[in-house]
Amino acid sequence: MNEKELIRISKRLSLHLRHDPAAAGLTLSPDGWVDVDTLLRALKITREQLDEVVETNSKRRFAFDETSTRIRASQGHSVSVDLGLADATPPDVLYHGTVAKFLDAILREGLRPMKRHAVHLSATLDTARTVGARRGKPVLLRVDAAEMAAAGHAFQVSANGVWLTATVPPEYLHRVG
Ligand code: HQG
């Protein structure tokens, strides 16, 4: 498939596996999985196309289970799912990329998950910059993750390396770019 087609299918997968399974007639399991054959029929794509999207996806957004008969999004859901991720010890610092128009609210009330289940944090400044740039000129925040963990905040890391936490209070946030 060409790049355009890969992105098109990836976006459809994101929509149905994270936000609106019902629109494709799908139901996710409580932990976010959907049967691969059911998905193929619903989206009218082939297993080869699905495998190519999963393998080439730049952010590895989707993952098969150990038998490759079910698939789910690794993070980013707005529908109710419990991915069952174990708590993990974060690196000392994590990063969040946003844009200037959100900055005042973020520094006042902290980072909130908004429509998603968790606040998404990046392990590198580069990744945070890319995340912020989706919305405009990126504004970069450092998150004192080790201090948060020491204060009892839980962190998880998704299968594709995104750090997740419920909220980040403002005292752990510092603008770095
Ligand atoms: C902002 C993409 C006002 C927050 C990315 C962000 C990531 C606040 C927006 C993943 C706020 C939410 C997640 C507050 C947070 N007041 N604004 N208190 N707290 N915000 O898309 O982190 O391509 O839900 O800064 O690459 O941008 O989907 O979160 O701008 O990994 O795989 O509210 O989504 O990955 O936006 O992105 P989002 P995000 P995928």
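It should be noted that the structure appears before, not after, this text.
Parameters and conventions
All chains use their own residue numbering, which begins from 1 and follows the written sequence. Reporting of local features is limited, given that this is a predicted model, to residues whose pLDDT is at least 70; pairs of side-chain atoms are given and counted only at 80 or more, and all residues count toward the totals for whole chains, interfaces and linings. For side-chain calculations, the full set of non-hydrogen atoms in the structure is used, while hydrogens and water are omitted. Note on pairing: DSSP must find at least two bridges between two strands before they are called paired. Working definition: helices are DSSP H or I runs of at least four residues, strands are E runs of at least two. Numbering for both runs from the N terminus. What counts as an axis is a line fitted to C-alpha atoms, over the stretch in contact for a helix, and the angles between N-to-C directions run from 0 to 180 degrees. Every residue pair with non-hydrogen atoms within 4.5 Å of one another is taken to be in contact. Criterion for a salt bridge: a side-chain nitrogen of Lys or Arg within 4 Å of a carboxyl oxygen of Asp or Glu. Type-normalised accessible area, obtained with a 1.4 Å probe on protein chains alone, sets the label of each residue: buried when under 20%, exposed when over 50%, and partly exposed for intermediate values.

With antiparallel pairing, three strands are arranged side by side in an open sheet as 4-6-9. The open sheet terminates on both sides in strands that have one partner only, identified here as strand 4 (93-99) and strand 9 (173-175). Averaged over all adjacent pairs, the angle separating strand axes in this sheet is 30°, with direction ignored. Here strand 6 (residues 138-144) runs beside strand 9; their pairing, made up of three bridges, is antiparallel. Along strand 9, the bridge assignment pairs Arg142 with His174. Sheet strands touched by helix 4 (residues 100-109): strand 4, strand 6 and strand 9. Its angle to strand 4, the strand with the most contacts, is close to 130°. Those strands touched by helix 5 (residues 125-133) are strand 4 and strand 6, and its axis lies near 20° from that of strand 4.

All right, on to the sheet that holds strand 2 (residues 62-64) then. Read from one edge of the open sheet, three strands run 1-3-2, paired in antiparallel fashion. On the outer flanks of this sheet lie strand 1 (34-35) and strand 2, each paired with one strand and no other. Note that strand 1 and strand 3 (residues 70-73) share two bridges and pair antiparallel. Bridge pairing in strand 3 places Val34 opposite Ile71. The strands that helix 3 (residues 47-56) touches are strand 2 and strand 3; relative to strand 2, the one it contacts most, it runs at about 120°.

Turning our attention to the pattern of salt bridges. Overall, the coordinates contain six salt bridges when judged by the stated rule. Close ionic contact of Asp51 with Arg47 constitutes a salt bridge, the shortest N to O distance being 3.0 Å. Of this pair, Asp51 and Arg47 both sit in helix 3, four residues apart, which is roughly one turn of the helix. The exposure class assigned to Arg47 is partly exposed, which follows from its relative accessible area of 25%. We note a salt bridge from Arg129 to Asp126, for which the minimum N-O separation is 2.9 Å. Here Arg129 pairs with Asp126, and both are found in helix 5, just three residues apart, close to one helical turn. According to the relative accessible area criterion, Arg129 is partly exposed, its value standing at 37%. Among the residues examined, Asp126 registers a relative accessible area of 54% and is labelled exposed.

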